[in-house]
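Tertiary structure, described
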Amino acid sequence: FGVNVPLLYPDIDTLIQIIIEERVPIVVTSAGSPKRFTPLLHEHGIKVMHVVSSTKFAVKCQEAGVDAVIAEGFEAGGHNGREETTTLALIPAVAQAIDLPLGIASGRSILAAQSLGAEGVQIGTLFALSEESSAHAAFKEACVKSDEGDTILTLKELAPTRLLKNDFYQQVATLQARGASADELRELLGRARAKRGIFEGDLEEGELEIGQVAAQIEQVQPVAQIFENLIAEYNAARAELLDMNWTNC
């Protein structure tokens, strides 16, 4: 198993020590530079994967000594890159720039990711909306009912974040429209707003972080069923490509 740790957390030093003490074998870091903690984690035999949104940061991760890079397009949920590069454009660029194993945040496009140069996939939204997920049932239902265009990348003045549109987002949009400062937006955001929305189920005032692919998810399913579906879809897509007569295209 592994642990995902955004490096922008104020108590990051404490979290890293807990990870070391509990002998977590794999750590996925994000939202910051992996340079500071990667050597320390390696000293304790911990593998480090870092999430990037651009080729430039992928190269910096390789220089920092991480074991793998996760190239995440801006359609993903939660914190994103300012470059707004999509996964389809990001994967081949990163694959060409580095020699590390490469993964992505993906829904059903595992085969496509492989063809672009990825060696694996990281799937977020699909499992965030699984039965076993600790997210609130109301949050899962809202995401499953969402349609194309119901998520948006916002809060670029602080840290770009993709979330489901709700009353909180409308408040953010209103402040942005009148040219509010980063401090004003930070005051509105407050603390633990994502926890309030995702884990406590406050659909109006919570920060509902989720990826664009939520619009394609029609129901909450157990993890076992999700894996079964992914494998079946992958195999079917691969067989279809192998059977296709490309000479007539």
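Whatever comes next refers back to the structure up there.
Residues numbered from 1 in each chain as written. Predicted model: local features only at pLDDT ≥ 70, side-chain atom pairs only at ≥ 80, totals over all residues. Heavy atoms only, no water.

**Here we look at unusual backbone geometry**
One non-glycine residue, Arg23, lies in the positive phi region at around 55°. With respect to the helices and strands, the residue Arg23 is situated in the loop between helix H1 (12-21) and strand E2 (26-30). Non-glycine residue Ala192 carries a positive phi angle of around 60°. (Helix = DSSP H or I, 4+ residues; strand = E, 2+ residues; numbered from the N terminus.)

**Some remarks on the packing of aromatic side chains**
With the rule as written, the count across this model stands at one aromatic pair. If you follow Lys56 out to its NZ or CZ, it ends over the ring of Phe57, 5.0 Å from the centre. (Phe/Tyr/Trp six-rings, centres within 6.5 Å; stacked < 30°, edge-to-face > 60°. Lys NZ or Arg CZ within 6 Å of the ring centre and 35° of its normal.)

**Remarks on the pairing of E2**
With four of its five residues buried, E2 lies for the most part within the structure. Read from strand E1 (residues 2-6) through H1 to E2, the crossover connection turns out right-handed. Taken together, the four bridges between E2 and strand E3 (residues 47-52) define a ladder with parallel strand orientation. From the neighbouring strand, Ile26 faces E3, where its bridge partner is Lys47. As for the winding sense of the linkage, the β-α-β connection from E2 through helix H2 (residues 38-43) to E3 is right-handed. (Buried < 20%, exposed > 50% of the residue type's maximum accessible area, 1.4 Å probe, protein only. Right-handed = clockwise from strand over helix to strand, strands pointing away. Pairing = 2+ DSSP bridges.)

**Some thoughts on the pattern of salt bridges**
Within the structure shown, the criterion is met by six salt bridges. With a closest N to O distance of 2.4 Å, Asp13 and Arg36 form a salt bridge. Within this pair, whereas Asp13 is found in helix H1, its partner Arg36 is found in the loop between E2 and H2, the two being separated by 23 residues in sequence. The exposure class assigned to Arg36 is exposed, which follows from its relative accessible area of 53%. Note that Asp183 is salt-bridged to Arg186, the shortest N-O span being 2.7 Å. Placement of both Asp183 and Arg186 in helix H9 (residues 182-189) is noted, with a separation of three residues, approximately one turn of the helix. When its relative accessible area of 55% is taken as the criterion, Asp183 is described as exposed. Arg186 gets classed as partly exposed once you look at its relative accessible area, which sits at 44%. (Salt bridge = Lys/Arg side-chain N within 4 Å of Asp/Glu carboxyl O.)

**Focus on the side chain of Glu207**
Residue position: Glu207 is located in the loop between helix H10 (193-198) and helix H11 (223-243). It turns out Glu207 is buried and unbridged, and the closest side chain with the opposite charge, Arg193, is 6.2 Å from it. When sequence neighbours within four positions are dropped, the list of residues in contact with Glu207 reads Leu155, Thr161, Leu163, Phe168, Leu189, Arg193, Ala194, Gly197 and Ile198. (Lys, Arg positive; Asp, Glu negative; His and termini not counted. Contact = heavy atoms within 4.5 Å.)

**A look at the sheet that holds strand E8 (residues 151-154)**
Read from one edge to the other, the open sheet built from three strands follows the order E5-E9-E8, with strand pairing classed as antiparallel. Because the sheet does not close on itself, it has two edges, and the strands there are strand E5 (78-79) and E8. Across four bridges, E8 lies against strand E9 (residues 161-164) in antiparallel orientation. Bridge pairing in E9 places Leu153 opposite Arg162.

**Structural notes on the nonpolar core**
In a soluble, globular protein the nonpolar side chains are often hidden away together inside. Core analysis: the biggest nonpolar cluster contains 25 residues, and Ile16, Ile19, Val27, Leu41, Val69 and Val94 have the highest contact counts within it. Looking at this core, the elements with two or more residues in it are H1, E3, helix H3 (55-64), strand E4 (68-71) and helix H4 (87-97). Counting residues per element, this core draws most heavily on H1, at four residues. One finds Ile110, Leu129, Ala135 and Leu230 within the second-largest nonpolar core, a separate group that totals 17 residues. (Core = buried A, V, L, I, M, F, W, Y, C linked by side-chain atoms within 4.5 Å.)

**A few points about the side chain of Thr29**
Considering the arrangement of structural elements, one finds Thr29 in strand E2. Taking the relative accessible area as the measure of exposure, Thr29 reaches 2% and is therefore buried. One polar contact links Thr29 to His50, side chain to side chain, over a distance of 2.6 Å. Residue contacts for Thr29: discarding those within four places in its chain leaves Val5, Leu7, Pro34, Val48, Met49, His50 and Val51. (Polar contact = N/O pair within 3.5 Å; in protein donor to acceptor, adjacent residues only side chain to side chain.)

**With respect to the packing of H3 against H4**
Two elements in contact, H3 and H4, have axes separated by 9 Å at closest approach and are oriented at 35°. H3 and H4 meet at a crossing whose hand is right-handed. Each of Thr55, Ala58, Val59 and Gln62 in H3 lies in contact with H4, whose residues at this interface are Leu90, Ala93, Val94 and Ala97. The class makeup of the residues in the contact of H3 with H4 is six nonpolar, two polar and no charged. (Axes fitted to C-alpha atoms, helices over the stretch in contact; angles between N-to-C directions. Left-handed = near helix turned anticlockwise from the far one by under 90°. Nonpolar A, V, L, I, M, F, W, Y, C, P; charged D, E, K, R; others polar.)

The analysis is restricted to geometry; functional conclusions fall outside its scope.
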